[in-house]
Amino acid sequence: MTTVALKPATMAQALGRALRDAMAADPAVHVLGEDVGTLGGVFRVTDGLAKEFGDDRCTDTPLAEAGILGAAVGMAMYGLRPVVEMQFDAFAYPAFEQLISHVAKMRNRTRGAMPLPITIRVPYGGGIGGVEHHSDSSEAYYMATPGLHVVMPATVSDAYGLLREAIASDDPVVFLEPKRLYWSKDSWNPDEPPAVEPIGRAVVRRSGRSATLITYGPSVPVCLEAAEAARAEGWDLEVVDLRSLVPFDDETVAASVRRTGRAVVVHESGGFGGPGGEIAARVTERCFHHLEAPVLRVAGFDIPYPPPMLERHHLPGVDRILDAVGRLQWEAQS
Amino acid sequence: MTVMEQRGAYRPTPPPAWQPRTDPAPLLPDALPHRVLGTDAAAKVDPALLRRLHTELVRGRRYNVQATALTKQGRLAVYPSSTGQEACEVAAALVLEERDWLFPSYRDTLAAVARGLDPVQALTLLRGDWHTGYDPHEHRVAPLSTPLATQLPHAVGLAHAARLKGDDVVALALVGDGGTSEGDFHEALNFAAVWQAPVVFLVQNNGFAISVPLAKQTAAPSLAHKAVGYGMPGRLVDGNDAVAVHQVLSEAIAHARAGGGPTLVEAVTYRIDAHTNADDATRYRGDSEVETWRGHDPIVLLERELTERGLLDEAALQEVRDGAEAMAADLRERMNQDPVLDPMDLFAHVYAQPTPQLLEQESQLRAELDAEADGTLGAGPHGPEGAGR
Ligand SMILES: Cc1ncc(C[n+]2csc(CCOP(=O)(O)OP(=O)(O)O)c2C)c(N)n1
């Protein structure tokens, strides 16, 4: 048996590698967006693609998000597989008309005749000290729009695998890349990129017996940290990483909550009208008789994303998660 | 007769009543950007204006240098420098009357400061303590807009509303060359022209939108040419010639104030520094281009003129520089003090009346902060007591 040299890779590099491999495998894959060419994207995810595949395959567009996504619709109509980059979460909003009225509905409107295999990469979420409009958690808008897949990796391998899957998908995928995990590292074999997982499968990142933390994207490492900290308190927490909100993996989630009997949903977007409400309802519907306590939510506050010097008070951290876990002792409390 | 036969008989003539809605010729920009400095026209410029522009330019440059230095010391999260573009920034501030409004983009801190804003308050967005650290009404400066071109329709609406109220107010909106590609730019210009709103759009064409050069942004002969399609005049000006920018903007503002409607002004300039301190400009441009533009520095252009006309001697120059230095020292000192933030401010301005949910979250944070203060935060959930299965 030969031993392979594992190399550290950041999530940004893994995403870039996924784009490269997808472009090499399929000439229909085109990358377009603001600054994706010469600069390699503001997070360098598309670094080197224009050099390797040419400007026609990795294109610096005019600065117009509606134009970028609208053009991608036309490109997809003509058989290409566009991967567009929205520079930051809050700068995708000019493209919402295209996203909601066309991207999400084209297959349905044309009775299946015109699927749109578009991947929309969005660096998203807070925790990087960004100024206004650079930290929004926009997943609730996307998941409320039927016709879109909503996917978010939390690990370096998933970044690679899920992006390959997203590009291969015949449906539009909003691919949310947690900004604060771009520089997180993992070791992998560069000659043999990680196996590709189909979109829509959650994974148990840590198994435990006393309660389930249901989370995704940037909150996954926070939940794992909270689970470690909870050990000292005698809590053995399971952590489920959803990896995608649409489709939603009811099975993995319900199986976990049936085992543990308690659940907390954790995300950094606002709680009111946020993903946690939907998730808590689904868990309750499926696991009512197994629940020892109501499903709790730990979310960002229901405020516009705060300035960087205050964001630590807004983002759900270990303490807030542990506090919720404490409240799961429902009998004692009620 | 079949359709084909009819077509054969067709002779193209103009539709019966067609004529152009507006004569495009007066709307077209001149072939070359307007210049004053270094030309005969410069001799006629009021010395007081030359000195005023010079003082503000030197202060502006010093401000850019100081703010960039503050990013290196971690006192500012990020700073998009306008070094090289100070003539546009300063002229934009100086051409406005007190009652007028300025709609800046995120790069235009300097214009806001030249208009009278406290230099520290103008930086809170970029320092990270609050999104807009000033009251927009105080100096009639709208919040620095980060989403590109989105401030332009606001400027149109405000100018329109002022006119409806019978007020003699003009709005000046700043946007970059990249921002002209956004849909909001188009919609704003169209509204402004249809409403004949008293608004002036100043495009600071500094060559790049982050890494993307103008050639990849537009195929138009110039950005000023875009005006014609909306039915407003387009004007081209050398953006490093402070006097020329001041002249062109003053005319456009007078035109708007007199009820003549909007103007699109394109100032041709250059961004000497990188996009922000976090950007690596060597990835997309060469040094020689930057050097060429350094030779066309707005301060040097103005100082040459002042000196030739005998309006600036060593002592006067030193006085201007000392003034700028004092401003920088004050900025440095105040920025080096840690801002005192109240986390409860998170909830203070979400609604006029907080929702019950926000009140709940407010007391949650209050409890956390109290616990943090007496060191009990993170005491943990106190065990499941056999609750686990
Ligand atoms: C709607 C929107 N899309 C993308 C961005 C990200 N972004 C910030 S600055 C910038 C380039 C702007 O270029 P330009 O308009 O020429 O202004 P300049 O930076 O040169 O002053 C981009 C793409 C943004 N702020 N808003």
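Fair warning: this is a prediction, and the values are worked out from it, not measured in the lab. (Residues numbered from 1 in each chain as written. Chains lettered and ligands numbered in written order. Predicted model: local features only at pLDDT ≥ 70, side-chain atom pairs only at ≥ 80, totals over all residues. Heavy atoms only, no water.)

I would appreciate a short explanation of the site of the ligand in the present structure.
Around the ligand there are 20 residues in total, and E65 of chain A together with Y106, R107, G178 and G179 of chain B lie nearest to it. A distance of 2.4 Å is found between an oxygen atom of the ligand and a side-chain nitrogen or oxygen belonging to Y106 of chain B. Within the contact set of the ligand, an oxygen atom lies 2.9 Å away from a backbone nitrogen or oxygen of F208 of chain B. Here the shell around the ligand is built from residues that sort into 8 nonpolar, 7 polar and 5 charged. (Near = heavy atom within 4 Å. Polar contact = N/O pair within 3.5 Å; in protein donor to acceptor, adjacent residues only side chain to side chain. Nonpolar A, V, L, I, M, F, W, Y, C, P; charged D, E, K, R; others polar.)

Just to check I follow, could you spell out the sheet that holds strand β3 (residues 199-205) of chain B for this structure?
Pairing between sheet strands relies on hydrogen bonds along the backbone, with the strands arranged either parallel or antiparallel. All names here are of chain B. Pairing is parallel in the open sheet, where 5 strands are placed in the order β1-β2-β3-β7-β6. At either margin of the open sheet sits one strand with a lone partner, and together these are β1 (101-103) and β6 (234-238). Taken pair by pair, the neighbouring strands of this sheet meet at an average axis angle of 20 degrees, ignoring direction. One ladder, built from 5 bridges, connects β6 with strand β7 (residues 263-268); its direction is parallel. Bridge pairing in β7 places D238 opposite V268. (Pairing = 2+ DSSP bridges. Helix = DSSP H or I, 4+ residues; strand = E, 2+ residues; numbered from the N terminus. Axes fitted to C-alpha atoms, helices over the stretch in contact; angles between N-to-C directions.)

For this particular structure, what's the right way to read a nonpolar patch on the surface?
Residues and elements named next belong to chain B. On the surface, a cluster of nonpolar side chains totalling about 300 Å² of accessible area is made up of F191, V194 and W195. Position of V194 relative to the elements: it lies in helix α8 (residues 183-195). Residue V194 is classed as exposed on the basis of its relative accessible area, which comes to 61%. (Patch = residues over 30% accessible without salt bridge, like charges linked within 9 Å, V, L, I, M, F, W, Y side chains within 5 Å. Areas by Shrake-Rupley, 256 points an atom, 1.4 Å probe, with all protein chains shown as cover. Salt bridge = Lys/Arg side-chain N within 4 Å of Asp/Glu carboxyl O. Buried < 20%, exposed > 50% of the residue type's maximum accessible area, 1.4 Å probe, protein only.)

Explain the pairing of β7 of chain B to me, please; I cannot follow it from the model alone.
If a strand is regular, its side chains alternate between the two faces of the sheet. Residues and elements named next belong to chain B. Burial analysis of β7 places 5 of its 6 residues in the buried class, the great majority of the element. Note that β3 and β7 share 6 bridges and pair parallel. Bridge pairing in β7 links N205 to V268. In this fold, the crossover linking β6 to β7 by way of helix α10 (residues 242-257) has right-handed handedness. (Right-handed = clockwise from strand over helix to strand, strands pointing away.)

What exactly am I supposed to notice about the pattern of salt bridges here?
As a working rule, side chains carrying opposite charge can pair if their charged atoms are close by. This structure, assessed with the given rule, holds 41 salt bridges over all chains. Across the salt bridge formed by R243 of chain A and D158 of chain A, the nearest N and O atoms sit 2.9 Å from each other. Here R243 of chain A is found in the loop between β11 (237-241) and β12 (244-246), whereas its partner D158 of chain A is found in helix α7 (residues 156-168), with 85 residues between them in sequence. The salt bridge partner of E97 of chain B is R99 of chain B, with a shortest N-O separation of 4.0 Å. Each of R206, R209, E228, R231 and D236 of chain A takes part in a single network of salt bridges with overlapping partners.

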